Amino acid sequence: MALKAAQRLWSLGRAGRYIPQLFGNTSPGDAACAPELRTAADLHTHHTCVLGRMGLSTITRDTSFLASGSVGLHKGSVFRFRLTQLHPPTEAEERVFGQRLASCSSSRQVLRLLRHAETLSDVMAAGALHRVADLEQEGCSLRDPGVLEKDAVRSLCFQLEQDSGRLTDGGLVSALMACTRLFLDPWSTLVVRLVAESQVRLDRSRMSVGELCTLGRALLALEGPGCGMLGQVMEQVQRRGPAAWSLAELVGVYQLLQDGAAEGGHQQALLHAMHAHALTLTSRMDAAAISGLLGALVALEQSNAMPLVIALCRQAVRYVGSFTDDQLSLVLGVLMHFGHSDSYFVGAMERHVPRVAFTARPETVSRVAQYFGQRNILSRPVFDALAESFVYRADDYDTGQVARQILPLGKLGYLPPNAGEVFGKVENILHTRFSQFQPRTLLSLLHACTLVERFPVNFVSKVFKSYFLQELQEQGTAMDRLVLAQLTQLYMTVKLECPFYGGPSLLPKYRVKSFLMPGGSLETVVDSQLYHHVRAGLVNLLGARTYFASKVLTPYCYTLDVEIKLDEDGYVLPASHNDYVHKRVALCIDGHKRFTLSSRQLLGREATKQRHLRLLGYDVVQIPFYEFEKLNNQSEVVEYLHNKVFPHSYRLSW
């Protein structure tokens, strides 16, 4: 038997397919022995002899079985499963069993369910192994590897091994996938036999697309993208064409490609066809399908699939309340990746977040705040709910999660109604866990606090010390300009707004000369179209272009959109004059990007800039887009600018 099996595997290997290097003993004398359930971390071998008849594709518990060599065990304490054609479970029984499996919260409950099961199909048996994997997986190992030595699991695996040739295609590939999720040794007898039988079934070209996807994912887990059988799997998947796939098959292929089958970008043509087919199916997708496809689009770097992302986001509106925490976190992460937001999705989140803010996982709550902050969406219902939950739950958050909930408040320039409690909690966390923060995370947190006029003076003094500055440098080869800009603005803030600050100064070598930088900036570039309209109006108002300067870099790192100089009597001086300047007027031409989305609230950094310019002696004149867009002609523009720049003087006509 072993010789025939070895010859069979060798012939498959010569054909360019899977070639196992180790095959377990299957001699007649050992045919009734339990499989070697070996993991990559633990290759111990245990043998439990079993007896019984074999049938086809249904596993039945044999209550008369007693393990040979077991001592002190009750006759019914060790179970044996055998395949049989007689009385297979109905679809309803399989569905009920699946529901009971899903309700199991521990592997012990799964084993108890197996002990009470009279009849199992091979798919049900594989499902039980998958559920054990769901409950025991922790990273790349099992929490309790001893679960593989339980009698029910060993007997179940032995039966799958001995009758691999009698399993259905679905049961076969599902069992193989379960083995990879349980981290069984790839060269164990069970895995080798399942792979060999999968090659036989693959050669027949009768597997469904869903079964091919499960097989492909198992092969990727075993051997990676270089597996010879994987190419055969992908060939058969593509032969049937995406247009003919069901929704479940489409999701399965996306998952297969995400797991590594598309490595190297060789399946781009297939992906384009899949995106087109997915667009026709989005209205039928549930929460799992939506989150699965969105995750695959990011993993596969499909930046050209924005129409599909938009369609999936619209469909997600219906399932915001149905997403699990993991699914919602994934969806929000993908939308941030693609830079997309939808007003209907935001509305659904505004209804959902207040209901779950106190019960959702900390990572999910932090991801919600991060999404609204990144998309510049000031949603008071969301941030007020998150602020309330933060006061009560912050001690359970790690330092990164704390920062991700406070940073959006600074970016959006928003103080929730319970701001005193929120920032009091932040101060307590900084007192107790200061050393646990990553240096750049801590710097960003302190900087965000200052954007909403909360000044953590006691902690800022620690940031300017040489030890902390060295830690900032050690995270990378050098400090990037954004970090230096944050340090500079933080120092400027305490000097301007905290006159009682007596801590160390920031050394000049850590200061920048401009907050306006490509790639990452503490200022927003002026809207060019709005600027040109304002400039034309100023020329008409002042009489010449020489009476104002544009995009002026001040000694205080800020860039002025327009600067007008006045002498002591209030007359406008030419922009090139530096003598007799009594007053400087800074025009802030604020386009849409300087405000939170769909609102009239300045972003935190823009409000801070205007606040600092006033403290530095400038007369700040704000020209917001929502006022300027109401003007219908040039005369209205000139009148508007006169009232803004010279509100107390009479304008002469040029």
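Residues numbered from 1 in each chain as written. Predicted model: local features only at pLDDT ≥ 70, side-chain atom pairs only at ≥ 80, totals over all residues. Heavy atoms only, no water.

## What to know about the overall build of the protein
Then, number 1: The helix and strand inventory of the protein stands at 27 helices and 10 strands.
Then, number 2: Relative to its 654 residues, the protein shows a buried fraction of 52%.
Then, number 3: Within the protein, residue pairs in contact and separated by at least 24 positions form 71% of the contacts whose partners lie at least 6 positions apart.
Then, number 4: When the accessible area of the protein is evaluated, it comes to approximately 30500 Å², of which 51% is carbon and sulfur surface. (Helix = DSSP H or I, 4+ residues; strand = E, 2+ residues; numbered from the N terminus. Buried < 20%, exposed > 50% of the residue type's maximum accessible area, 1.4 Å probe, protein only. Contact = heavy atoms within 4.5 Å. Areas by Shrake-Rupley, 256 points an atom, 1.4 Å probe, with all protein chains shown as cover.)

## Description of a positive patch on the surface
Then, number 1: A surface patch of like charges, here positive, comprises Arg108, Arg112, Arg115 and Lys150.
Then, number 2: Secondary-structure assignment places Lys150 in the loop between strand S5 (141–142) and helix H5 (151–162).
Then, number 3: Taking relative accessible area as the criterion, Lys150 reaches 39% and is therefore assigned partly exposed. (Patch = residues over 30% accessible without salt bridge, like charges linked within 9 Å, V, L, I, M, F, W, Y side chains within 5 Å. Salt bridge = Lys/Arg side-chain N within 4 Å of Asp/Glu carboxyl O. Lys, Arg positive; Asp, Glu negative; His and termini not counted. Charge placed at Lys NZ, Arg CZ, Asp CG, Glu CD.)

## Focus: the packing of helix H18 (residues 399–412) against helix H20 (residues 439–451)
Then, number 1: The contact between H18 and H20 brings their axes to 8 Å, and the two run at 30°. The angle between H18 and H20 places the two elements in the roughly parallel class. Helix-helix and strand crossings are classified by hand; for H18 and H20 the assignment is left-handed. Contacts between H18 and H20 involve Thr399, Ala403, Ile406, Leu407, Gly410 and Lys411 on the former and, on the latter, Thr441, Ser444, Leu445, Ala448, Cys449 and Leu451.
Then, number 2: Grouping the amino acids of the contact of H18 with H20 by side-chain chemistry returns 7 nonpolar, 4 polar and 1 charged. (Axes fitted to C-alpha atoms, helices over the stretch in contact; angles between N-to-C directions. Parallel < 35°, antiparallel > 145°, perpendicular 65-115°, else oblique. Left-handed = near helix turned anticlockwise from the far one by under 90°. Nonpolar A, V, L, I, M, F, W, Y, C, P; charged D, E, K, R; others polar.)

## Overview of the pairing of strand S7 (residues 559–566)
Then, number 1: The element S7 is largely enclosed, with a buried count of 8 among its 8 residues.
Then, number 2: For strand S6 (residues 549–553) and S7, the ladder comprises 4 bridges, and the chain directions are antiparallel. Note that in S7 the partner of Ala549 across the bridge is Glu563.
Then, number 3: Between S6 and the antiparallel strand that follows it, S7, lie 5 residues; Cys557 among them carries a positive phi value of about 80°. (Pairing = 2+ DSSP bridges.)

## Considerations on unusual backbone geometry
Then, number 1: Backbone geometry at Glu301 places phi at a positive 55°, although glycine is not the residue there.
Then, number 2: Secondary-structure assignment places Glu301 in the loop between helix H12 (287–299) and helix H13 (306–316).
Then, number 3: Its relative accessible area of 65% is what places Glu301 among the exposed residues.

## Re the packing of aromatic side chains
Then, number 1: Following the criterion strictly, the structure yields 12 aromatic pairs and no others.
Then, number 2: Ring centres of Tyr371 and Phe372 lie 5.5 Å apart, and the angle between their planes is 85°; this geometry places the pair in the edge-to-face category.
Then, number 3: A residue is classified by how much of its surface remains accessible, and Tyr371, at 0% relative accessible area, is buried.
Then, number 4: Every member of this aromatic cluster is reached through a ring pair, and the members are Phe345, Tyr371, Phe372 and Phe383. (Phe/Tyr/Trp six-rings, centres within 6.5 Å; stacked < 30°, edge-to-face > 60°.)

## Structural notes on the confidence of the model for the protein
Then, number 1: Across the protein, the average pLDDT comes to 85, with 85% of residues at or above 70.
Then, number 2: Residue range residues 1–57 is modelled with pLDDT below 50. Its contacts to residues more than four positions away, or to other chains, number 126 contacts.
Then, number 3: Under a pLDDT of 50 for its full length, residues 61–78 has, in the predicted model, 27 contacts with residues more than four places off or in other chains. (pLDDT = per-residue confidence, 0-100.)

## Overview of the nonpolar core
Then, number 1: Among the nonpolar cores identified, the biggest contains 170 residues, and Tyr254, Leu257, Phe345, Phe464 and Leu487 are the most heavily contacted of them.
Then, number 2: Every residue in contact with Leu487, bar those within four places of it in the chain, is listed here: Leu443, Val463, Phe464, Leu469, Leu472, Met479 and Leu506.
Then, number 3: Core analysis: the next-biggest nonpolar cluster, separate from the first, contains 27 residues, Leu602, Val621, Phe628 and Leu641 among them. (Core = buried A, V, L, I, M, F, W, Y, C linked by side-chain atoms within 4.5 Å.)

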